[in-house]
Amino acid sequence: MDLLIALLQNPTFWSGFMGWFAAQATKLLIDFIKTKRVNLYYLVSTGGMPSAHSSMISAITTSVALREGTGNSLFAITLAVALIIMFD
């Protein structure tokens, strides 16, 4: 339970979650504009643009950079993971 509380109080977690949610909500909105129907599938779907994976890891990497600085190992790891995810 303490782990869950710590996670929910972590700003970097929320940055990643909001990056993912923004991408998924954008997919839902684009589909709604095209079809005039709400398809909640887009909130949990994978693939497509904008990329939820790229949005999430970009938000996490930015959060780490702002909170911890760019001169440490954690930022280097998140940046490497971000580059791999965005390349794939």
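Coordinates for the structure precede this section.
The text that follows walks through the structure, step by step, so that each part is easy to find. Position numbers for residues count from 1 along each chain, tracking the sequence in the order it is written. For this predicted model, a pLDDT threshold of at least 70 governs which residues receive local features, and a threshold of 80 or more governs which side-chain atom pairs are given and counted, while totals over whole chains, interfaces and linings are taken from all residues. Based on all heavy atoms of the structure, the side-chain values leave hydrogens and waters out of the count.

1. Concerning unusual backbone geometry
The following threshold applies: Working definition: helices are DSSP H or I runs of at least four residues, strands are E runs of at least two. Numbering for both runs from the N terminus. Exposure categories follow from relative accessible area, calculated using a 1.4 Å probe and restricted to protein chains: below 20% of the type maximum is buried, above 50% is exposed, and the middle band is partly exposed.
The amide bond that connects M49 to the next residue, P50, takes the cis arrangement and shows omega of 0°. Checked against the element boundaries, P50 lands in the loop between α2 (11–35) and α3 (52–68). Although it is not a glycine, K36 sits at a positive phi angle of roughly 65°. Positionally, K36 belongs in the loop between α2 and α3. K36 gets classed as exposed once you look at its relative accessible area, which sits at 61%.

2. Things to note about α3
Selection criterion: In a helix, the anticipated span is given by 1.5 Å times the number of residues less one. Throughout, a residue-residue contact means that at least one pair of heavy atoms, one from each residue, lies within 4.5 Å. Two N or O atoms count as a polar contact when they lie within 3.5 Å, although within protein this holds only if one can serve as hydrogen donor and the other as acceptor, and sequence-adjacent residues are included solely when both atoms are side-chain atoms.
For α3, built from 17 residues, the straight-helix expectation of 24 Å at 1.5 Å per residue is met to within 8% by its first-to-last C-alpha distance of 24 Å. Residues A52, S54, I57, A59, T61, S63 and V64 constitute the buried set of α3. Where α3 is buried, its residues contact α2 and α4 (73–87). Where α3 begins, the side chain of S51 points an oxygen toward the backbone nitrogen of H53, at a separation of 3.4 Å. Positive phi shows up at G69, right after α3, with a value of about 95°.

3. Some thoughts on the environment of L28
For L28, the position within the fold is in helix α2. Along the backbone, L28 and V44 are 16 residues apart, and their C-alpha atoms lie at a distance of 10.0 Å. Once residues lying within four places of it in the same chain are set aside, the contact partners of L28 are N39, L40, Y42 and L43.

4. Some details on the environment of A22
Examined against the element boundaries, A22 turns out to sit in helix α2. On the basis of relative accessible area, A22 is assigned to the partly exposed category, the value being 39%.

5. With respect to the side chain of T12
When you line up the elements, T12 lands in helix α2. What makes T12 buried here is its relative accessible area of 15%. Excluding its chain neighbours within four sequence positions, the residues that come into contact with T12 are I60, S63, V64 and R67.

6. Re a nonpolar patch on the surface
Convention followed: Patch definition: residues with relative accessible area over 30% and no salt bridge; like charges joined within 9 Å; nonpolar side chains (Val, Leu, Ile, Met, Phe, Trp, Tyr) joined within 5 Å. A 1.4 Å probe and the Shrake-Rupley method give the accessible areas. Residues count as covered only by the protein chains that appear here. Whenever Lys or Arg places a side-chain nitrogen within 4 Å of a carboxyl oxygen from Asp or Glu, that contact is recorded as a salt bridge.
A cluster of nonpolar residues, M1, L4, I5, L7, L8, W14, F17, M18 and F21, forms a patch on the protein surface that exposes about 860 Å² of accessible area. Broken down by secondary-structure element, the contributors of at least two residues to the nonpolar patch are α1 (2–8) and α2.

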